[in-house]
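An overview of the molecular structure
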Amino acid sequence: MANFEKTKGSLSVGFYHFHPRWTTNYGDSIEKRYEEFEDVIKAGYTNCITVEKEYINDDEFWRIVTEYDCTVWLNVYEYFDSSKQTYEEWNKDYDEALNKLRAIPERWDRFMGVHIDEPVWRGQSNDDFLTQTKRFRLDYDKRVFPVFATGEFMDSEGNAMQLKMDGKDMKKVIPEALEYITDVAFDSYSVDVREGYSNGGYPERVGQKVPGVVDGPSYYEKLADLLLRVVGHEVNIWFFPTVYTTGRWGGGRVNEGFCKAHLEFFSDLLLKYKHPAGLSLYTYHQFGNVEEFGARDHLVLKGEDGKQKLRPHCAKWPEYSETLKKTCQRFRETTVDLIK
């Protein structure tokens, strides 16, 4: 039996948009969704699952994550807005799901906390973010993990090509609102970290405002340092490597080499920090842009017959797939100092 105490204290690697809502590539039935979900985990690609409340108490979900020794986070995408309802009204469904989960100790132990996606630029006030995170932290005694767009804590937005919005036009999070967070990350998907590859001058433009940013690697490292200064207290840090074929600041679209370099770079960068937590790969699922393919399209995943089982019509990334498996195994074996 796996030593779960070691698992809780180890590095994590997971995919964004990877749970039964999104695993529909074998078929749309719940049985086929869970079959794909289990196949990807069994293949060794992830040890950390972020799930929505609709599935967080499913027995089959817990069979799989327990059998393959994964940690679990709850994705809280909807944010509390005090101008529309009380906190208790907003939290009613989450509270019901979490109390049901808490009634089963072995599941509650495997549950790490809540993940919150870019709340302030999407419209939440700093006061409401503080209320939401304070209540969660105090009521459930679990971790609180927001990821921020770069435009939420500086004047430049790393995903401006995708969002069609510059950082100077985005609402900013303030340090006082971050008192109760335990984990943090930022997302910026289009900067190449490979030596000799152009980023179209974007890091250099950021460097005019953030000292030390001169290229792709320093862009990510200095922005991480800046975000930690904004937070103002010790937290666990995560990074969001790119694993979908989005646009590059240097032109064109990202490819296997770009994403493999992201995975390797962030795996190393994590360990430079006092409280490294893990990687959240963005993203497993493919959305509306026909030029953007997610990890589901590129992962090598073969059936018992030796043939590609997951989206066989798509071009695979064998080097990336092998690197990710090795990274996940190494992370499982790497114990770190986590704030819990």
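Check the entry above for the structure.
These figures come from a predicted structure and were not determined experimentally. (Residues numbered from 1 in each chain as written. Predicted model: local features only at pLDDT ≥ 70, side-chain atom pairs only at ≥ 80, totals over all residues. Heavy atoms only, no water.)

This paragraph deals with the overall build of the protein. Secondary structure assignment for the protein yields 12 helices and 8 strands. Computed over C-alpha atoms, the radius of gyration of the protein comes to 19 Å, within 12% of the 20 Å expected from 2.2 N^0.38 for 340 residues, which places it in the range of a compact globule. If one aligns the C-alpha atoms of the protein with their principal axes, the spans along those axes are about 50 × 50 × 35 Å. In the protein, buried positions account for 58% of the 340 residues. Nonlocal contacts in the protein, meaning residues at least 24 apart in sequence, comprise 72% of its contacts between residues at least 6 apart. Element-wise, carbon and sulfur atoms account for 49% of the exposed surface of the protein, whose accessible area totals about 14400 Å². Where the 45 positive side-chain charges of the protein centre and where its 57 negative ones centre are 2 Å apart. (Helix = DSSP H or I, 4+ residues; strand = E, 2+ residues; numbered from the N terminus. Rg over C-alpha atoms; globule rule 2.2 N^0.38 Å. Buried < 20%, exposed > 50% of the residue type's maximum accessible area, 1.4 Å probe, protein only. Contact = heavy atoms within 4.5 Å. Areas by Shrake-Rupley, 256 points an atom, 1.4 Å probe, with all protein chains shown as cover. Lys, Arg positive; Asp, Glu negative; His and termini not counted. Charge placed at Lys NZ, Arg CZ, Asp CG, Glu CD.)

The next subject is the side chain of T242. By the element assignment, T242 lies in the loop between β7 (236–239) and α10 (256–270). Under the relative-accessibility criterion, T242 is labelled buried at 0%. Setting aside residues no more than four positions away along its own chain, T242 makes contact with Y189, V254, F258, C259, H262 and Y282.

A separate point is the packing of aromatic side chains. Taken as a whole, this structure holds 35 aromatic pairs when the rule is applied. Ring centres of F239 and Y273 lie 6.1 Å apart, and the angle between their planes is 50°; on these two criteria the pair is classed as tilted. Of this pair, F239 sits in strand β7 while Y273 sits in the loop between α10 and β8 (276–281), placing them 34 residues apart in sequence. Of the residues examined, F239 reaches a relative accessible area of 1% and is grouped as buried. Classification of Y273 by relative accessible area gives buried; the value is 12%. An aromatic cluster is defined as three or more aromatic residues linked by ring pairs; in this entry it consists of F153, F186, Y202, Y219, Y220, F239, W249, F265, F266 and Y273. Taking the ring centre of F4 as reference, the NZ or CZ of R110 above it sits at 3.9 Å. Sitting over the face of the ring of Y77, R122 holds its NZ or CZ atom 3.7 Å from the ring centroid. (Phe/Tyr/Trp six-rings, centres within 6.5 Å; stacked < 30°, edge-to-face > 60°. Lys NZ or Arg CZ within 6 Å of the ring centre and 35° of its normal.)

When glycine is set aside, most residues are seen to have a negative phi, and most peptide bonds are trans. Along the chain, Y282 connects to T283 via a cis peptide bond; the corresponding omega equals 10°. Phi at D141 takes a positive value of approximately 55°, unusual for a residue other than glycine. Residue D141 is classed as exposed on the basis of its relative accessible area of 56%.

Counting residues in hydrophobic clusters, the biggest one holds 105 residues, and the most contacted among them are F15 and F239. Excluding anything up to four places from it in sequence, F15 contacts V40, Y45, T46, C48, L281, Y284, A295, L299 and L324. (Core = buried A, V, L, I, M, F, W, Y, C linked by side-chain atoms within 4.5 Å.)

Within strand β4 (residues 111–117), 7 of the 7 residues are buried, which leaves it mostly tucked inside the rest of the structure. Two strands pair when backbone bridges link them, and strand β3 (residues 71–75) and β4 are joined in this way by 4 bridges, in the parallel orientation. Within the sheet, the bridge partner assigned to W73 lies in β4 and is G113. In this sheet, strand β5 (residues 143–149) lies alongside β4 in parallel orientation, the contact comprising 5 bridges. Paired with H115 across the strands is F145, a residue of β5. Note on the crossover from β4 through helix α6 (residues 126–140) to β5: the handedness is right-handed. (Pairing = 2+ DSSP bridges. Right-handed = clockwise from strand over helix to strand, strands pointing away.)

Another aspect to go through is the pattern of salt bridges. Where side chains of opposite charge bring their charged atoms close, a pairing between them can arise. As enumerated under the stated definition, the model contains 26 salt bridges in all. The partner of D109 in a salt bridge is K8, with the nearest N and O atoms 2.7 Å apart. Here the residue D109 occupies a position in helix α5 (residues 105–110), and K8 occupies one in helix α1 (residues 4–8), the gap between them amounting to 101 residues. Its salt-bridge partner being K309, residue E35 comes within 2.8 Å of it at the nearest N-O pair. Separated by 274 residues along the polypeptide, E35 in helix α2 (residues 30–42) and K309 in the loop between α11 (295–298) and α12 (318–332) bring together distant segments of the chain. Bridged by salt links that share partners, the residues K32, E35, D39 and K309 form one connected network. (Salt bridge = Lys/Arg side-chain N within 4 Å of Asp/Glu carboxyl O.)

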